[in-house]
Amino acid sequence: RRDVLVLTPWLAPIVWEGTFSRDILDAQYLQKNLVTGVVTFAVEKYWFFIEGFVSSANKYFLAGHPVNFYLFTDNPEKIPHLQMAPENHLFVITVQNHPRWQDISWSHMDIISSYIQRQFQHEVDYLYCMDINVQFLAHVGVEIIDALVATISSWQVTPQQDKASETHPESQSAFPEVQGDFYYTASFYGGSVSEVYKLTRACSAGLVEDRENGIEAPCHHESHLNRYLLQHRPTRLLSPEYYWDTEL
Amino acid sequence: RRQDVLTVTPWLAPIVWEGTFDPEILDRAYRPLNLTIGVTAFAVGKYTRFVRRFLESAERHFLRGYRVNYYIFTDSPQSIPRPRLQPGRRLLTVPVQKHPGWQEISMRRMEAINQHVAKESHGQVQYLFCLDIDMVFHNPWGPETLGDTVAAIHPGYFDVPREQFPYERRSSSAAFIPEGEGDFYYGGAVFGGSVKKVYEFTKICHMTILADKANGIMAAWQEESHLNRHFLSHKPSKLLSPEYIWDDRKPKPPQIRLVRFSTVNKNYKEVRN
């Protein structure tokens, strides 16, 4: 691929169709006997997306490799019967809903980090956090597996117009200098279980601190995610092919 | 960015070329880690004459500002020059036996490096580079080169179809690579990685070299052949472009914007006796 950037200035590959051989990567992944997990939340009306997400993920996400799907929901009774591939497992975890949507994103990060600590770290090697209101349309394979992985937002903007244009410089997520690397979407990120733990801990701590100071940063957890990734650069980036916002 | 060369392998390992990375971003990421990087180089017999230039040029260009341990493997420690080194950098000699024939010496490097890691360097360094001594640094070699397993693309074969790679083609050798297989031809003069990974693959290469010895066969390019066999099945996590392993006798093609590390012109017949 010559038409796109395939390597960041810190030598992290940017994954686009045509830059990799899934066969070679599959062989490497199999050598190591890895298990990958997916975390997603279906709270309130979002239970509606469960079937579409799980059935498409079952078909296209790391097909042929064991995947643990961890589905957090406040409506376990609304979950339809889902046929899983033999190597995959679905774990439904009941959570409480929060009255304010701003609290939801904080609590997601917090929930993820505490579950990593108490459970996921013993069950998976890699963990990916995704929004549930998506469907997989094509294969997403082991090319996404690396220590700390973020997806370039399809709203990628120029350095000067930051999407999360911070009007509260005292917010924990205000960018001290906009380096204009990349803007990442909070809808699909992941990596090794230890890296995701560190990331979710840092983001939820930042969100809590903002709340205590009465600040609510626009796009919330996404701002915190981006701030974290500016200081702890991802080891691999996924192109916007991996999460395309159809509102564009 | 570079559009004239391949900068990512099909297994998503970066290929480091000038213009693909920002040295400042990498420095900012690596400096705080307080790393010590090791360098092994073999100066046996007449090859001790290359040590001074190697070390002096490394002091100017190799991971400047980082802590470095130079491990010079030699049969005559007393003839190793000890130039002044920057702070945080030190020179240690490692005794090795002299062997008849340069191929023998070359073949025993894997074993020597592996044993030294087990005995000493694993506790001293986090990353290790194994370099040929008869070479000189001309331009910066920085933390862009650090990775789990690092191999360098041989300058003679980076632009050449794989059928022409001088892999070992005899199936009786443990370094055998059949026609139609192979990603790159890696040079034996530069390889490295995390100290753990270097320990692992030098052990494996040493084993395959011994297997060949037992069968009375010596691979076409000695340990370089075995290294290539290993890196075919265990792909490196990072590749260095030929900027990092250049041969000054070759004319510089446009893809080579700068030469960081290259061979010293020498009389092969003279030094190999």
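Only a predicted model underlies this, so the values are computations on that prediction, with no experimental measurement involved. (Residues numbered from 1 in each chain as written. Chains lettered and ligands numbered in written order. Predicted model: local features only at pLDDT ≥ 70, side-chain atom pairs only at ≥ 80, totals over all residues. Heavy atoms only, no water.)

**Some details on the pattern of salt bridges**
Then, number 1: In the structure shown here, the tally under the stated rule is 18 salt bridges over all chains.
Then, number 2: Between A:D146 and A:R236 there is a salt bridge, with the nearest N and O atoms lying 3.9 Å from each other. Note that A:D146 is positioned in the loop between β5 (126–130) and β6 (148–152) and A:R236 in strand β8 (residues 236–238), a separation of 90 residues in sequence.
Then, number 3: Residue class for A:D146 comes out partly exposed when judged on its relative accessible area of 21%.
Then, number 4: Overall, A:R236 belongs to the buried group, its relative accessible area being 7%.
Then, number 5: Residue B:D247 pairs with B:R249 through a salt bridge whose shortest N-O separation is 3.0 Å. (Salt bridge = Lys/Arg side-chain N within 4 Å of Asp/Glu carboxyl O. Helix = DSSP H or I, 4+ residues; strand = E, 2+ residues; numbered from the N terminus. Buried < 20%, exposed > 50% of the residue type's maximum accessible area, 1.4 Å probe, protein only.)

**Points about helix α2 (residues 51–61) of chain B**
All names here are of chain B.
Then, number 1: Of the positions making up α2, those classed as buried are V51, F54, L55, S57, A58, E59 and H61.
Then, number 2: Where the residues of α2 are buried, they touch β2 (36–43), β3 (67–74), β4 (89–95), β5 (127–131), β6 (135–137) and β10 (261–263).
Then, number 3: In the segment just after α2, L63 is the residue with positive phi, at about 45 degrees. (Contact = heavy atoms within 4.5 Å.)

**Let's talk about the UniProt feature "binding site: Mn(2+)" (unreviewed entry) in chain B**
Residues and elements named next belong to chain B.
Then, number 1: Mapped onto this structure's residue numbering, the UniProt feature "binding site: Mn(2+)" (unreviewed entry) falls at D132 and D134.
Then, number 2: Topologically, D132 is positioned in the loop between β5 and β6.
Then, number 3: If we skip the residues at most four places from it in the chain, D132 touches F54, R109, G188, A189 and F261.
Then, number 4: In terms of polar contacts, D132 uses its side chain to reach the side chain of R109, at 2.8 Å.
Then, number 5: Along the chain, the position of D134 falls in the loop between β5 and β6. (UniProt positions renumbered as here; feature names shortened; annotations may be inferred. Polar contact = N/O pair within 3.5 Å; in protein donor to acceptor, adjacent residues only side chain to side chain.)

**Focus on the UniProt feature "binding site: UDP-N-acetyl-alpha-D-galactosamine" (unreviewed entry) in chain B**
Residue and element names in this part refer to chain B.
Then, number 1: UniProt records the feature "binding site: UDP-N-acetyl-alpha-D-galactosamine" (unreviewed entry) at F42, A43, V44, Y47, D132, I133 and D134, using the numbering of this structure. Their sequence span is 93 residues, while the largest C-alpha to C-alpha distance among them is just 11.3 Å; these annotated residues converge on one region.
Then, number 2: Tracing the backbone shows F42 in strand β2.
Then, number 3: Residue classification places F42 among the buried residues on the basis of a relative accessible area of 9%.
Then, number 4: Discounting residues that sit within four places of it in the chain, F42 has contacts with Y47, F73, V96, R109, A112, I113, L131 and I133.
Then, number 5: Assignment of secondary structure puts V44 in the loop between β2 and α2.
Then, number 6: You can call V44 buried: its relative accessible area is 7%.
Then, number 7: Excluding residues that lie within four positions of it along the chain, V44 makes contacts with F73, D75, V96, K98 and I105.

**What about the nonpolar core?**
Then, number 1: If you look at the biggest cluster of nonpolar residues, it comprises 152 residues, and the most contacted ones within it are A:F61, A:F120, A:L127, A:I144, A:F188, B:F62 and B:W141.
Then, number 2: In this structure, B:Y167, B:I177, B:Y185 and B:L232 belong to the second largest nonpolar core, which totals 5 residues. (Core = buried A, V, L, I, M, F, W, Y, C linked by side-chain atoms within 4.5 Å.)

**A look at the packing of aromatic side chains**
Then, number 1: Under the counting rule described, the total for this entry stands at 36 aromatic pairs over all chains.
Then, number 2: Relative to A:F49, the ring of A:F48 lies with its centre 5.6 Å away and its plane at 80 degrees, an arrangement referred to as edge-to-face.
Then, number 3: Between the aromatic rings of B:F165 and B:Y185, the centroid separation amounts to 6.3 Å while the plane-to-plane angle is 45 degrees, which identifies the pairing as tilted. Note that B:F165 is positioned in the loop between β7 (149–153) and β8 (186–194) and B:Y185 in the loop between β7 and β8, a separation of 20 residues in sequence. Per residue, the accessibility class of B:F165 equals that of B:Y185, and both read buried. (Phe/Tyr/Trp six-rings, centres within 6.5 Å; stacked < 30°, edge-to-face > 60°.)

**Some details on the environment of B:H61**
Then, number 1: Following the sequence through the fold, B:H61 ends up in helix α2.
Then, number 2: Each C-alpha atom, one on B:H61 and one on B:F129, is 14 Å from the other, the two residues being 68 residues apart in sequence.

**Overview of the sheet that holds β5(A)**
All names here are of chain A.
Then, number 1: The sheet built from 8 strands is open, its strands ordered β1-β8-β6-β7-β5-β2-β3-β4 with mixed pairing. On the outer flanks of this sheet lie β1 (14–15) and β4 (89–94), each paired with one strand and no other.
Then, number 2: Of the pairings in the sheet, the one linking strand β3 (residues 67–73) to β4 comprises 6 bridges and is parallel in character. Across the sheet, residue T73 finds its bridge partner in β4, namely T94.
Then, number 3: Seen against the sheet, helix α5 (residues 220–231) touches β6 and β7 (184–192) and runs at an angle of roughly 50 degrees to β7. (Pairing = 2+ DSSP bridges. Axes fitted to C-alpha atoms, helices over the stretch in contact; angles between N-to-C directions.)

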